[in-house]
Amino acid sequence: MSKRHLTFVCQNCGAAYNRWQGKCEACGEWNTLSEEGSDKPAGPGRKPGKGRLFQLQDLAGDAQDAPRIASGIGELDRVTGGGFVRGSVLLLGGDPGIGKSTLLIQATAALARAGERAVYISGEEAVAQVRLRAERLGLREARVELASETSVEDIVATLSEGRTPRLIVIDSIQTMWTDTVESAPGTVTQVRGSAQALIRFAKRCGAAVILVGHVTKDGQIAGPRVVEHMVDAVLSFEGEGSHQFRILRAVKNRFGPTDEIGVFEMTGSGLREITNPSELFLSERDLGQPGTAVFAGMEGTRPLLVEIQALVAPSSLGTPRRSVVGWDGSRLSMVLAVLEAHCGVRLGGHDVYLNVAGGLRIQEPAADLAAAAALVSSLANAPLPADSVYFGEVSLSGAIRPVAQAGARLKEAAKLGFTGAVVPESARAEAAGLSVNDIASLTSLVADIAQRGNLRRGGENGAQEG
Ligand code: TYD
Ligand code: MG
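Parameters and conventions
- Residues numbered from 1 in each chain as written.
- Chains lettered and ligands numbered in written order.
- Predicted model: local features only at pLDDT ≥ 70, side-chain atom pairs only at ≥ 80, totals over all residues.
- Heavy atoms only, no water.
- Helix = DSSP H or I, 4+ residues; strand = E, 2+ residues; numbered from the N terminus.
- Expected span 1.5 Å × (residues − 1).
- Buried < 20%, exposed > 50% of the residue type's maximum accessible area, 1.4 Å probe, protein only.
- Near = heavy atom within 4 Å.
- Polar contact = N/O pair within 3.5 Å; in protein donor to acceptor, adjacent residues only side chain to side chain.
- Areas by Shrake-Rupley, 256 points an atom, 1.4 Å probe, with all protein chains shown as cover.
- Salt bridge = Lys/Arg side-chain N within 4 Å of Asp/Glu carboxyl O.
- Pairing = 2+ DSSP bridges.
- Core = buried A, V, L, I, M, F, W, Y, C linked by side-chain atoms within 4.5 Å.
- Contact = heavy atoms within 4.5 Å.
- pLDDT = per-residue confidence, 0-100.
- Phe/Tyr/Trp six-rings, centres within 6.5 Å; stacked < 30°, edge-to-face > 60°.
- Lys NZ or Arg CZ within 6 Å of the ring centre and 35° of its normal.
- Axes fitted to C-alpha atoms, helices over the stretch in contact; angles between N-to-C directions.

Caption draft 1: View of helix α9 (residues 368-380). With 13 residues, α9 extends 18 Å between its outermost C-alpha atoms, agreeing within 8% with the 18 Å of an ideal straight helix rising 1.5 Å per residue. Of all 13 residues that make up α9, 13 are buried, and the element is covered over most of its length. Looking at the residues trailing α9, positive phi occurs at N381, about 55 degrees.

Rendered as structure tokens:
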């Protein structure tokens, strides 16, 4: 008995159903199912059991090592793992206006200048608009091949002619459509069908293909969650609206690391690489103010120093406010709980705000200690020493746990002129010329700060006065 093809597809996650229902059981979203033409049945009609024979190969054969195409933009190559891999497909996601098109026109221009064939296909902008941007970026004379097209079949046919392009940019995948699928452009089925066709083309001709993907308001790459599984790498381009910094991050990478970041600054003439981000993130410090601590972090293989700012103020609300930008809200709750439970710091009547300077987003637990130091410093109204850095993971028991790559963190701090470090005990061996204050528990950090400021602990509610 042959089953009818499923035709209701969730526009959020791509799950398919054979009848309509209000809620998608796969992702839990409501009203996201819409009817779409079914994909064609896989493969041409073949009799069952009559497959084509193919050659199986050894693992140890001629390792076709992944030859890479360096873009020449160092921060971009760092994130991809040393350049675009031939025949691979990369998805670049990011909010509208963050600079995806700018980054990619700069990358294609850099390759074209190096004598490679680089193609930029825009489904959103007219050729004249792309040219205008190129002019602003001072890239007019770079020999990028441009087109404003949306039909995948036309694009594949055109690019199959002549010398194989090294890099093909498709801006964006949501605007593409393919004949093989009957739904409207922008639907999950179309996006998936178009991506499939472009991925097949990339593997066949050996070009690196970059697909631009839009991001919805909650940060997902719109529609094509499915595309994330199909491509070789997913990069996300992020930034805070009010800052000029842009951070490129690998979310998935079959051929490279996923923890490296690339840092750029959006200027009047395009994106500029920031090769020493620590200097940038520390450039506007409020020296001598309570509530700030410098965290010596790692982003991939690169150490990155950044200021963590906290404000702890008496609250007039029944449930005090907890607000955090650039860090994980649940880690903040954990640090606050440890401070209350083990260090006698009463925060129940205080609003707490935590901010990572410069629009950076920190994911490491190593930032616990710096966050705790900033919080206690604000509560006690006692500035921390301006020439010290902090790192260490705080456990639920209040112990300070070791973190990876302590040596690299301390070396970077020394390079930027810091002279002290408050760190886990295990980091003492790697002092790098800093005067290291190694602490075993959060209690000793709190006691240290309490000595300098006016922090009352224990049963008393509230902490500072005047
Ligand atoms: P764009 O690359 O079009 O963003 P996306 O493709 O991600 O939607 O970038 C648009 C923004 O960048 C726009 O707000 C203007 C700004 N911009 C500059 O500040 N300097 C420049 O040189 C360029 C080209 C754009
Ligand atoms: Mg764009």
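Caption draft 2: Main features of the site of ligand 1. In the region of ligand 1, 16 residues are neighbours, and G97, S101, T102, T267 and G270 sit closest. K100 places a main-chain nitrogen or oxygen 2.8 Å from an oxygen atom of ligand 1. Measuring from an oxygen atom of ligand 1, one finds a side-chain N or O atom of S101 at 2.6 Å. Considered on its own, ligand 1 offers 560 Å² of accessible surface; in the complex 74% of this is hidden by protein. Broken down by secondary-structure element, the contributors of at least two residues to the shell around ligand 1 are α2 (100-113), α3 (127-136) and β13 (261-267). Broken down by element, the shell around ligand 1 gets its largest block of residues, 3 residues, from α2.

Caption draft 3: Looking closely at the pattern of salt bridges. Taken as a whole and assessed by the stated rule, the structure comprises 21 salt bridges. Among the ionic pairs, E238 bridges to R361, the shortest N-O distance being 2.8 Å. In this pair, E238 is assigned in strand β11 (residues 233-238) and R361 in the loop between β18 (350-356) and α9, connecting sequence segments 123 residues apart. Across the pair R249 and E299 runs a salt bridge whose closest N-O atoms are separated by 3.7 Å. Highlighted residues: R249 in strand β12 (residues 245-253) and E299 in strand β15 (residues 292-299), separated in sequence by 50 residues. For the pair shown, R249 and E299 are each scored as buried. Where salt bridges share partners, they join E75, R78, E260 and R302 into one cluster.

Caption draft 4: Highlighting the sheet that holds strand β1 (residues 8-10). Spatial ordering of the open sheet is given by β2-β1-β3, a layout of 3 strands whose pairing is antiparallel. The sheet is open, and its two borders are formed by β2 (16-17) and β3 (33-35), each paired with just one other strand. Summarising the sheet, β1 and β2 pair through 2 bridges and their orientation is antiparallel. What sits directly across from V9, in β2, is A16.

Caption draft 5: Focus on the nonpolar core. In this structure, L339, L375, L442 and L445 are the most contacted members of the largest nonpolar core, which totals 71 residues. Ranked by residue count, the leading element in this core is α9, at 10 residues. When near neighbours in sequence (up to four residues on either side) are disregarded, L445 contacts L369, A372, A373, Y390, V422 and I439.

Caption draft 6: Structural detail: the confidence of the model for the chain. In this model, the chain carries an average pLDDT of 86, and 90% of its residues clear a pLDDT of 70 or more. Throughout residues 459-466 the model reports pLDDT below 50, and contacts reaching past four residues in sequence, or to other chains, amount to 18 contacts.

Caption draft 7: Spotlight on unusual backbone geometry. At the junction of D171 and S172, the peptide bond is cis and its omega measures out at 5 degrees in the coordinates. Tracing the chain through its elements places S172 in the loop between β9 (167-171) and α5 (188-205). Backbone geometry at Q405 places phi at a positive 55 degrees, although glycine is not the residue there. With respect to the helices and strands, Q405 occurs in the loop between β21 (400-401) and α10 (406-415). Its identity is not glycine, yet A432 carries a phi of approximately 55 degrees, on the positive side. With respect to the helices, strands and loops of the structure, A432 is situated in the loop between β22 (420-424) and β23 (435-439). By relative accessible area, A432 is classed as partly exposed at 37%.

Caption draft 8: Main features of the packing of aromatic side chains. Summed over all chains, the structure comprises 1 aromatic pair. Stacked on the ring of F391, the Lys or Arg R409 has its end atom at 5.4 Å from the ring centre.

Caption draft 9: Highlighting the environment of E25. Tracing the backbone through its elements, the reader meets E25 in the loop between β2 and β3. Within polar-contact distance, the side chain of E25 engages the side chain of Q21 at 3.2 Å.

Caption draft 10: Inspection of the sheet that holds strand β19 (residues 388-390) at higher detail. In space, the 7 strands of this open sheet follow the order β17-β18-β16-β15-β19-β22-β23, with mixed pairing throughout. Strands at the two margins of the open sheet, each flanked by one partner only, are β17 (322-325) and β23. With strand direction ignored, the average angle separating the axes of adjacent strands in the sheet is 25 degrees. Across 7 bridges, strand β16 (residues 302-314) lies against β18 in antiparallel orientation. Counted as the bridge partner of A310 is L354 from β18. Sitting on the sheet, helix α8 (residues 329-343) touches β17 and β18, and the angle it makes with β17 is about 130 degrees.

Caption draft 11: The environment of L416, seen in detail. Inspection of the secondary structure assignment puts L416 in the loop between α10 and β22. Taking the C-alpha atoms as reference, L416 lies 23 Å from D259; in sequence the two are 157 residues apart. Setting aside residues no more than four positions away along its own chain, L416 makes contact with S278, E279 and L305.

Caption draft 12: Structural detail: the environment of R68. Mapped onto the secondary structure, R68 falls in strand β4 (residues 68-69). Looking at R68, the relative accessible area reads 27%, which means it is partly exposed. Residues R68 and C27, 41 residues apart in the sequence, show an inter-C-alpha distance of 36 Å. Leaving out residues up to four positions away in the same chain, R68 has contacts with T80, G81, G82, G83, F84, V85, F255 and G256. Polar contacts involving the side chain of R68 include one to the main-chain carbonyl oxygen of T80, which spans 3.4 Å. Within polar-contact distance, the side chain of R68 engages the backbone oxygen of G83 at 2.9 Å.

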